[in-house]
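In case you want the letters, here they are:
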Amino acid sequence: MSKALELARHLETLHINNMYKDDFFWTWDKTDDEIDAIFTVADALRDLREHNKSTRIFDSGLGISIFRDNSTRTRFSFASACNLLGLEEQVLDEKVSQIAHGETVRETANMVSFMADVIGIRDDMFIGEGHKYQKTFIDACEYGYRHGILEQRPTLVNLQCDVDHPTQCMADMLHVIHEFGGVENLKGKKVAMTWAYSPSYGKPLSVPQGVIGLFTRFGMNVTLAHPEGYEVMPEVIEIAKKNAAASGCEFKVTNSMDEAFKDADIVYPKSWAPFAAMEERTKLYQKGDREGIAVLEKKLLAQNAEHKDWTCSEEKMKLTKDGKALYLHCLPADITGLSCKEGEVDNSVFDRYLDPLYKQASYKPYVIAAMIFMAKVKDPVKTLMDLDASDKHRKIY
């Protein structure tokens with residue numbers, strides 16, 4: 001039995017009917033079975049591609065990407081996912097569209113969606129705005145579909161908002177599952193999601209929030225560590241606590257990086273801006289107060305500089321279990337002695353984990369493709385089986 005067929009049969013055991021024609025906003029909106037389904041389909045699609053099987057379930061159609069913040073991995077992962085399934089990606093550049101002339105979000109949503117099957121949006125920099133923009137956009141598409149303007153209702157995939165980064169965190173989790181040999185081996189493992197010093201300012205909260213919101217569902221003991229004043233959204237803390245209680249694991253918050261790293265099986269040192277500061281910046285942005293934003297940036301850079309000891313050094317790594325914790329990062333990392341004078345991680349540590357870091361990133365195209373697949377395919381089990389049985393290959397050797 002092929003791996004893809006085995007995975008399809010596992011998919012058959014899951015309760016996933018609600019995923020069809022649905023969107024993917026936050027991981028905590030999805031049931032355990034629905035999260036399992038994304039991982040299962042991602043692995044199946046990867047297996048099919050590795051065996052040169054065609055996975056083009058679309059004959060035509062568009063995947064529209066809207067990146068309101070810079071991106072490398074997620075941008076190319078979305079394009080790769082669309083191509084893997086047979087969709088053509090079209091990038092909406094707001095600077096060269098009529099949005100620059102005052103076109104509304106609701107109008108833009110319908111104008112770009114006439115032949116779109118999926119919309120991927122990244123809007124992560126302003127608290128209270130990123131998720132709201134994504135919701136407004138897809139609500140407009142829903143309206144267009146209901147009123148006969150659009151022939152189909154595109155699916156929204158959150159490519160990162162102000163609250164969660166589901167494609168990143170699910171790729172991280174799938175990497176962890178494979179590194180530890182299966183979900184059954186994760187219970188009791190310690191995860192350190194820690195703030196780390198960066199010489200830049202304003203990094204989103206969505207990665208640490210996504211990690212504590214997802215990893216606590218797998219029976220792992222998750223510690224969130226940051227200096228005082230670098231808190232994340234309190235509502236996500238509550239989600240992590242609830243998930244931990246349901247899975248029988250421990251979730252804790254500490255102001256000690258050493259405590260988080262002590263005996264950790266997995267470490268995820270990553271810089272982010274304080275929740276309160278992000279709220280303040282959003283208000284300044286809404287007022288158009290560029291001078292105020294510049295003053296805030298200077299203040300936050302000085303605040304960061306007070307915590308340069310919060311770095312993933314060789315000494316910190318020695319605190320982890322057997323000194324060999326799995327190091328995770330969403331990339332790009334601020335690498336001490338390489339990309340900056342002082343940063344999130346020592347060059348020697350980063351270099352030692354280069355191969356697993358690249359493997360970690362490699363899961364994202366398949367996770368995104370799985371999200372699209374589950375939302376657009378009415379019978380995903382049969383479709384996977386048909387793809388596996390088909391003699392249609394991706395390319396000829």
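A brief report on the enclosed structure follows.

Rules of the game
Residues numbered from 1 in each chain as written. Predicted model: local features only at pLDDT ≥ 70, side-chain atom pairs only at ≥ 80, totals over all residues. Heavy atoms only, no water. Phe/Tyr/Trp six-rings, centres within 6.5 Å; stacked < 30°, edge-to-face > 60°. Helix = DSSP H or I, 4+ residues; strand = E, 2+ residues; numbered from the N terminus. Buried < 20%, exposed > 50% of the residue type's maximum accessible area, 1.4 Å probe, protein only. Lys NZ or Arg CZ within 6 Å of the ring centre and 35° of its normal.

1. Regarding the packing of aromatic side chains
Counted under the stated rule, the structure contains eight aromatic pairs. Ring centres of Y327 and F350 lie 6.5 Å apart, and the angle between their planes is 80°; on these two criteria the pair is classed as edge-to-face. Here Y327 is found in strand β9 (residues 326–327), whereas its partner F350 is found in helix α13 (residues 347–352), with 23 residues between them in sequence. Here Y327 falls in the buried class, since its relative accessible area comes to 0%. Classification of F350 as buried rests on a relative accessible area of 10%. Measuring from centroid to centroid gives 5.8 Å for Y327 and Y353, while their planes differ by 50°, and the two rings are tilted. Separated by 26 residues along the polypeptide, Y327 in strand β9 and Y353 in the loop between α13 and α14 (354–362) bring together distant segments of the chain. Take Y327 and Y353: they sit in the same class, and that class is buried. An aromatic cluster of at least three residues, connected via ring pairs, comprises W195, Y230 and W310. The ring centre of F67 lies 4.5 Å from the NZ or CZ of R75, which sits over that ring. Across from the ring centre of Y143, 6.0 Å away, lies the NZ or CZ of R106, which sits over that ring.

What is shown is where atoms sit, not what they do.
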